[in-house]
Amino acid sequence: MSSAACTNIRPHIKSDDLDFLHQKPSQWRDTINKQYVQSEKSKTTILFGGMSLLQDQLVQSALQSLGENYIALSNPDFISFQKGKAYGNRGQCNPTYFTVGNLVKHLEHLRDVEGLSTEKIINEYAYMTSGGCGPCRFGMYITEYRKALRDSGFEGFRVLNFNHDDGIFQEDEKDNTIKLSPKFFITLVKAILIGDIINILTYKIRPYEINKGDTDKAVQRCKDIISNAFMEKKNLILAMRRCKKVLKEVKLDRLQPKAKVMVMGEFWAAMTEGDGNYNLHRFLEEEGAECIPQPILSRLMLSIWEAKYALSRVETLNVEDAKIIDFTIAKKKTMILSAKIAVKLYFKIYSKAIGLNNYEIPDMEKLAKLSKDYYPIDSNGGEGHLEVAHLIESIKENKSHLVISIKPFGCMPSSGVSDGIQSLVTSRFAGSNFLPIETSGEGAVNFYSRVQMALFKAKQASKEEFEKLNIPENIPDKIHDFTYQPKGKQAGSAAVLLESLN
Ligand code: SF4
């Protein structure tokens, strides 16, 4: 382009336009809409979502049983993603687009299909999400919700945020502002853990079902049983025992060698069951794999570990500086320990009741030790050092034939940090089968093709491992009972079962 042409397209800048250069810098602050007070409780519907399908439903029943009007949004889909992109800032990660867009989609449905006025929606609905500070984009989620809501015509719609450490509205408490009670959190955690347990079992059972669809039907019945138990305040342990009977009705052939695939990575991308990760778990099962999912339990244990680790660092500073006993730290440590014990206890009790045996609750101390030579454990954000730890654990303990680390396009902690480190891990552990893969909301064909290539190798490994073992003439019935879950040295479930008979 000639210099004359360049001159023609250069915008004309007036000196007034540059006045801002002489202004004093000022602190930008988000305007936080926190109004949700006691008197509004009875006429406010709180929307939420973002966990697995089952967990969203169970949490809805659990919280409704407390007399709260909580409604789970539907599963975020491609339309949610498009709405998130249309109203969100550029350069966000795609859980933001999916979840923010899903809320906008729901509000538009209330307005355009159900005929509610915008004013009524703003005054009588609110959205609850977890949030907090973070070195990645997670710290900006709430602001993203507000921006998208304003631009889509719902300015003033309330987005309520809770940090699991702090409860709700801690910074600017008003006397009449609703605070979340311990009962709320305990009920929430129970619903999440029960959802985790049923999800883990679903992934163990479904790949081996003889009649396609039986597992999904059984899980649906379990969902109804647990939801009713919450709503009618019945014993949840007994409800889990009823679910065990329902799951036992699913006929299984568990001696099929299937590639075992650990699905980990960024929390939301690894957990969601829909367009957000191109329905990865179902795709893997259809291609002949058994998935090891990442339960929310893992994220809870990581949060507890991070809180404890941060306190231990503060304590070290205090001891060095002043040699005093800080009772605030001692109190927080007791609370953290109590939370850890409670989560583990509930998980174990409910697991036993439904027949999830021998499940190892992620040991965060062990995982931190495994990864500390590769990933600085002081650095958090996203899943922190967990992705690296999971890969090393899987390789060292032969837990799977393939590890898939799934992350949204441009995820800072996962793509930007963990994946760089994983190349060192895979170079040190020759023969590991590791696939880091990004989702962008579009580009499913490329995604599936990469998964299929890695899966091919995993399927071969699982077949070879199985064929090396002797198949006894008489196979006991217990082999096909989902509650029989022996441990073994092999990665594949069918091979572990055979090994237990030899
Ligand atoms: S962990 Fe990654 S995907 Fe999740 S909020 Fe942070 S940057 Fe986004």
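Visitor: Explanation requested: unusual backbone geometry in the structure shown.
Guide: For residues besides glycine, phi is generally negative; the peptide bonds are generally trans as well. Phi is positive for Tyr278, close to 55°, though the residue is something other than glycine. Note on placement: Tyr278 falls in the loop between α10 (267-271) and α11 (280-286). The exposure class of Tyr278 is buried, given its relative accessible area of 7%. Located in the positive-phi region is Asn398, a residue other than glycine, with phi close to 50°. Considering the arrangement of structural elements, one finds Asn398 in the loop between α15 (386-396) and β8 (402-408). By relative accessible area, Asn398 is classed as partly exposed at 34%.

Visitor: Explain the nonpolar core here, please?
Guide: Burial of nonpolar side chains together is a common tendency in soluble globular proteins. Residues Ile194, Ile226, Leu247 and Ile354 are the most contacted members of the largest nonpolar core, which totals 80 residues. Non-local contacts of Ile194, meaning those with residues more than four positions away in its chain, are made with Leu58, Ile226, Phe230, Leu236, Met240 and Tyr350. With 22 residues, the next largest nonpolar core counts Ile406, Ile437, Ala454 and Leu455 among its residues.

Visitor: Help me understand the site of the ligand, please; the structure alone is not making it clear to me.
Guide: Around the ligand lies a shell formed by Cys93, Pro95, Cys136, Arg137, Phe138, Tyr141, Glu266, Gly382, Pro408, Cys411, Met412 and Pro413. Residues that form the shell around the ligand fall into these classes: 9 nonpolar, 1 polar and 2 charged.

Visitor: Can you walk me through α15 in this structure?
Guide: Counting along an α-helix, one turn takes 3.6 residues, and residues three or four places apart therefore face a common direction. Within α15, 9 of the 11 residues are buried, which leaves the element mostly enclosed by the surrounding structure. Among all positions in α15, only Leu386, Glu387, Val388, Ala389, His390, Leu391, Ile392, Glu393 and Ser394 are buried.

Visitor: Where do I start with the packing of aromatic side chains in this structure?
Guide: One pass over the full model with this rule turns up 15 aromatic pairs. Centroid distance Phe98 to Trp268: 5.5 Å. Interplanar angle 35°. Geometry classified as tilted. Within this pair, whereas Phe98 is found in helix α4 (residues 94-112), its partner Trp268 is found in helix α10, the two being separated by 170 residues in sequence. No difference in accessibility class separates Phe98 from Trp268, as the two residues are buried. Seen from their ring centres, Phe447 and Tyr448 are 5.8 Å apart, and the 75° between their planes marks the pair as edge-to-face. One residue, Lys258, lies across the ring of Tyr208, its end atom 5.9 Å from the ring centre.

Visitor: Looking at this structure, I do not really get the packing of helix α7 (residues 182-205) against helix α8 (residues 214-231). What am I missing?
Guide: Angle between the axes and distance between the axes are the two parameters that describe a pair of packed helices. Interaxial distance between α7 and α8 falls to 11 Å at its minimum, and their mutual angle equals 165°. In terms of their interaxial angle, α7 and α8 are classed as roughly antiparallel. The element α7 and its partner α8 pack so that their crossing is right-handed. Contacts from Thr187, Lys190, Ala191, Ile194, Ile198, Thr202 and Ile205 of α7 reach α8 at Thr215, Val219, Cys222, Ile226 and Phe230.

Visitor: For this particular structure, what's the right way to read the packing of α15 against helix α16 (residues 412-428)?
Guide: Look at α15 against α16: their axes get within 9 Å of each other, and the N-to-C directions meet at 25°. With respect to α16, the element α15 is oriented roughly parallel. By crossing handedness, the relation of α15 to α16 is classed as right-handed. Residue-level inspection shows Glu387, Val388, Leu391, Ile392 and Ile395 of α15 in contact with α16, the latter providing Ser414, Ser418, Asp419, Ile421, Gln422, Val425 and Thr426. Per-class residue counts for the contact of α15 with α16 are 6 nonpolar, 4 polar and 2 charged.

About the thresholds
- Residues numbered from 1 in each chain as written.
- Predicted model: local features only at pLDDT ≥ 70, side-chain atom pairs only at ≥ 80, totals over all residues.
- Heavy atoms only, no water.
- Helix = DSSP H or I, 4+ residues; strand = E, 2+ residues; numbered from the N terminus.
- Buried < 20%, exposed > 50% of the residue type's maximum accessible area, 1.4 Å probe, protein only.
- Core = buried A, V, L, I, M, F, W, Y, C linked by side-chain atoms within 4.5 Å.
- Contact = heavy atoms within 4.5 Å.
- Near = heavy atom within 4 Å.
- Nonpolar A, V, L, I, M, F, W, Y, C, P; charged D, E, K, R; others polar.
- Phe/Tyr/Trp six-rings, centres within 6.5 Å; stacked < 30°, edge-to-face > 60°.
- Lys NZ or Arg CZ within 6 Å of the ring centre and 35° of its normal.
- Axes fitted to C-alpha atoms, helices over the stretch in contact; angles between N-to-C directions.
- Parallel < 35°, antiparallel > 145°, perpendicular 65-115°, else oblique.
- Left-handed = near helix turned anticlockwise from the far one by under 90°.

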